[in-house]
Amino acid sequence: MDQSIRMNESGFATPTSRCHGWIRGSIEYVATDAIQHPTVNDLATHEGGAIALGTRERWQLLNQVGAEIARLHTAGWIHGDLRLGNILCEWHGPDGAPKFWYLDNEGNRRSRRTSDRMRNLVQLLMTPRSLLSRFDQYRLLQGYAKAQKMSREQSRALARAVEHARARRWKRRRARGGPKARYSSQASD
C-alpha cells in the first residue's frame with residue numbers, strides 16, 4: 001500500500017487503497033477501488049481470444065506502453081512484477097493519450113541501476129510469443145528507446161540484450177516445469 005501511495009505522489013496512477021490489514025496475523029491484504037479498464041494484456045494479446053485492437057492501434061499502444069515504462073524508469077521507479085497484466089489502460093483510440101494504472105505494487109522500489117531497469121524490461125516481455133509476437137514486443141522496446149532518447153544503435157543493442165535475457169529466463173522457466181499459474185479474472189472453474 002505504501003508503494004502505491006508513493007507512486008501516486010510521483011505521478012503514476014495506482015488504484016486507491018481503501019483498507020489494509022492482516023488475516024490470521026500472517027497474510028496481508030489490501031482492498032482497492034476497482035478500475036473499470038482492461039489490462040494492456042487484454043488489449044494487445046491473443047490471451048482472451050481475438051485481440052481487442054486493430055494492428056495499427058496495437059502497435060501504437062505498445063509504443064506508448066514502452067514510453068510509459070521509460071517515464072517510470074526516468075523517475076527512478078522499478079516495478080516489482082512488471083507484466084502487461086499489471087498495467088491497466090484507459091484507451092482513448094489512436095488520437096488520444098492512454099492513461100495507465102499500475103497494479104501489484106508491493107514489490108516496487110526506487111532504483112536507478114541499469115540492471116534493475118533491464119530486469120523490468122525482461123519481465124515485461126515474458127509474454128509468450130503465441131500471445132504477443134516478437135515484432136509487437138520490439139514495438140514496445142522502440143517506444144522505450146525513443147522516450148529514453150537512445151540512438152538507433154543503442155536501441156538495437158537494448159533489443160538484443162533484452163531478447164537474450166528473455167530467452168535465458170524462458171529456458172530456466174521451462175526447466176522447472178513451465179510458467180507458474182497466474183490469477184486471471186477471465187479464468188473459469
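A. Main features of the packing of aromatic side chains. Overall, the coordinates contain two aromatic pairs when judged by the stated rule. Ring geometry for F12 and Y102: centres 6.1 Å apart, planes at 75 degrees, overall edge-to-face. Of this pair, F12 sits in the loop between α1 (2-9) and β1 (17-23) while Y102 sits in strand β5 (residues 99-102); the two residues are 90 residues apart in sequence, bridging distant segments of the chain. Y102 matches F12 in its accessibility class, with the two residues each being buried.

B. Molecular detail of a nonpolar patch on the surface. Taken together, the side chains of M1, I5 and V30 present a nonpolar region at the surface, about 220 Å² in accessible area. The exposure class assigned to M1 is partly exposed, which follows from its relative accessible area of 34%.

C. Highlighting the side chain of S155. As for its position among the elements, S155 is in helix α6 (residues 152-175). Ignoring sequence-local partners within four residues, the contact set of S155 consists of Y138, A145 and M150.

D. Structural view of the packing of helix α3 (residues 55-74) against helix α4 (residues 114-124). One way to put it is that α3 packs onto α4 with a least axis distance of 11 Å and a crossing angle of 155 degrees. It follows from the interaxial angle that α3 and α4 lie roughly antiparallel. In this structure, α3 crosses over α4, and the sense of that crossing is right-handed. Of the residues in α4, those in contact with I69, H73 and T74 of α3 are R117, N120, L121 and L124. Looking at the contact of α3 with α4 residue by residue, the class counts come to three nonpolar, three polar and one charged.

E. Up close: the packing of helix α5 (residues 134-147) against α6. Packing of α5 against α6 leaves a shortest axis separation of 10 Å and a crossing angle of 130 degrees. As far as their axial angle goes, α6 and α5 are oblique. Judged by the twist between their axes, the crossing of α5 over α6 is right-handed. Taken together, the residues of α6 that come into contact with α5 (itself represented by R134, Q137, Y138, L141, Y144 and A145) are S155, R156, L158, A159, V162, E163 and R166. Across the contact of α5 with α6, the residue classes tally to seven nonpolar, two polar and four charged.

F. Spatial organisation of the environment of Q123. Its place among the elements puts Q123 in helix α4. Taking the C-alpha atoms as reference points, Q123 and E106, separated by 17 residues in sequence, lie 16 Å from one another. With residues near it in sequence (within four places) discarded, Q123 still touches H79, G80, D81, L82, R83 and R169.

Conventions used here
Residues numbered from 1 in each chain as written. Predicted model: local features only at pLDDT ≥ 70, side-chain atom pairs only at ≥ 80, totals over all residues. Heavy atoms only, no water. Phe/Tyr/Trp six-rings, centres within 6.5 Å; stacked < 30°, edge-to-face > 60°. Helix = DSSP H or I, 4+ residues; strand = E, 2+ residues; numbered from the N terminus. Buried < 20%, exposed > 50% of the residue type's maximum accessible area, 1.4 Å probe, protein only. Patch = residues over 30% accessible without salt bridge, like charges linked within 9 Å, V, L, I, M, F, W, Y side chains within 5 Å. Areas by Shrake-Rupley, 256 points an atom, 1.4 Å probe, with all protein chains shown as cover. Salt bridge = Lys/Arg side-chain N within 4 Å of Asp/Glu carboxyl O. Contact = heavy atoms within 4.5 Å. Axes fitted to C-alpha atoms, helices over the stretch in contact; angles between N-to-C directions. Parallel < 35°, antiparallel > 145°, perpendicular 65-115°, else oblique. Left-handed = near helix turned anticlockwise from the far one by under 90°. Nonpolar A, V, L, I, M, F, W, Y, C, P; charged D, E, K, R; others polar.

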